[in-house]
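Secondary and tertiary structure notes
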Amino acid sequence: MTGLPDELLPTTRRALLHRVALAQAEGRAPAVVAGVVRDGRPVWSGARSMIDGHAPTPDVQFRIGSITKTFVAVLVLRLRDEGLLDLADPLSRHLPGTPADDATVAHLLSHSSGLAAETPGPWWERTEGSLRPRLDDLLEAERPLKHPAGRLLHYSNPGYALLGALVEKVRGEPWGEVLRREVLAPLGMDRTTLLPEHPHAGGFAVHPWADVMRPEPLTDTGLMGPAGQLWSTGADLARWAAFLGAGDDKVLAADTLAEMRRPVAAPLDDGWTTAFGLGLQLLRHEGRLLYGHTGSMPGFTAGLWVSEADGLAAYALANATSGVGTSLLTARLIALTAEHEPRLPEPWRPLPEVDQELLELTGPWYWGAAPNVLRLRAGRVLELTQLGGGTRGSRFRPEPDGTWTGLDNYYAGETLRVVRGADGSVSHLDIGSFVYTREPYGPADTVPGGVDPEGWQAM
């Protein structure tokens, strides 16, 4: 061991390479490239190939398919953060005349617009975009909507083509150029492009019942590009994973990225295994909540997942149309790294300074008879925890007007106010009209509806 903070142990590296080797051999792919990012830094990469002694490096381009959608979503959220659109805006407010005029920006981002999953034939992934020169060509004229908007998750590739067109309309230039200037260049991702640039992998289909293969076509999908056009490398995807994990104020703030990974559309199943946020896919795997995206185009599959709790991310790229489960491989790389080298907790440190009035707010509080505890964290953040479990706990961010705003769980977005009596002492806490007092149901004059004047009684 060299002592470098970003180096994995030999046993971890061996386990990761073994997993990639299994994926290449059992998936019968010409090549598989994968890597792991820890705390925003690449810590491992590996590859296996059908050619002895030769495997692609992290600088070789592969097609990343629908991982492209995460880039488009970031462009749209940049427009929102700049005040140029609202997620509740119907598409027609900015891009009128499409078959999806009534779908909102949020519906399109979260695949809950109800739009068709694919374009009318021919299959857009294997044909040139010149066959679909207009936005009207991307959806059936008679029945573009397959479900009512906002009702359920129904994955839509044309929906993301429309989001790319929205970016073009608002910015006044092609979405690919906007992406290069606003996202790729600031993050140093100069090997992520709309069309392949040398060195790049060729895409292949492998026969399902025989060890033979044939090349897949390399197409420019035109208007459908925002749904899956991009080519990228392992090194660039490591940068993208680091960005999705922590944000970068040059591109998108961490708070906005946190908003993107909250589930929006109805889950695909009751067990909530898979869901979508605003452009990010969510997956529960081996007890972990992962976010990122998967991708496929003829000749290629890809996966990129981030585990916030572990401080880990991983990517996997393969140049075969099917066979290699890059989504599962990527998730397993995160699990393996976490199992071999679990994340060390940050050392406890006392606050650098403390406001005595805030310190006096800490300790037990009661919503009715339900016990809670309020703690003071760094940055004047208050953390409310419901003792005995429950969903009403939340962290609260301080606001300039002396209130706090809930950041998560039941009280996300709600306002916490400290209510004081005539003498200036703290009377109770008000969180969205819920009253928290220092004793169960008391004092009586602060409890909505009052309390029985007989007090607590044995029955």
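Values in this document were obtained by computation on a predicted structure and should not be read as measured data.

**Points about the environment of Ile 431**
Here Ile 431 is to be found in strand β18 (residues 426–431). Here the alpha-carbon distance between Ile 431 and Trp 404, two residues 27 residues apart in the chain, equals 9.2 Å. With residues near it in sequence (within four places) discarded, Ile 431 still touches Leu 384, Phe 396, Tyr 411, Thr 415, Leu 416 and Tyr 436.

**Notes on unusual backbone geometry**
Along the chain, His 198 connects to Pro 199 via a cis peptide bond; the corresponding omega equals -5 degrees. With respect to the helices and strands, the residue Pro 199 is situated in the loop between α5 (175–187) and β4 (204–206). The omega torsion of the bond from Gly 442 to Pro 443 falls at 0 degrees, within 30 degrees of zero and hence cis. We note that Asp 39 has phi near 50 degrees; this positive angle belongs to a residue other than glycine. Here Asp 39 is to be found in the loop between β1 (31–38) and β2 (41–49).

**Observations regarding the pairing of strand β13 (residues 370–376)**
Residues in a regular strand point their side chains to alternate faces of the sheet. Of the pairings in the sheet, the one linking strand β12 (residues 363–367) to β13 comprises five bridges and is antiparallel in character. The partner of Trp 365 across the bridge, within β13, is Asn 372. Counting the residues in the hairpin turn of β12 and β13 gives two residues, including Gly 368, whose phi is positive at 65 degrees. In the sheet, β13 pairs with strand β14 (residues 382–386) via five bridges, with the strands oriented antiparallel. Residue pairing across strands places Val 373 opposite Thr 385, the latter belonging to β14. Where β13 hands over to β14, the hairpin turn is made up of five residues, of which Gly 379 adopts a positive phi near 75 degrees.

Each value, and the rule that gives it
- Counting restarts for each chain, with residues numbered from 1 along the sequence as it is written.
- Local features in a predicted model are, by the rule used here, given only for residues with pLDDT of at least 70; side-chain atom pairs are given and counted only at 80 or more, and totals for whole chains, interfaces and linings are based on all residues.
- Calculation of side-chain values draws on the structure's entire complement of heavy atoms; hydrogens and water are dropped beforehand.
- Each helix is a run of DSSP H or I of at least 4 residues and each strand a run of E of at least 2, with the numbering of both proceeding from the N terminus.
- Contact definition: two residues touch when any of their heavy atoms are within 4.5 Å.
- Only strands that DSSP links by at least two bridges are regarded as paired with each other.

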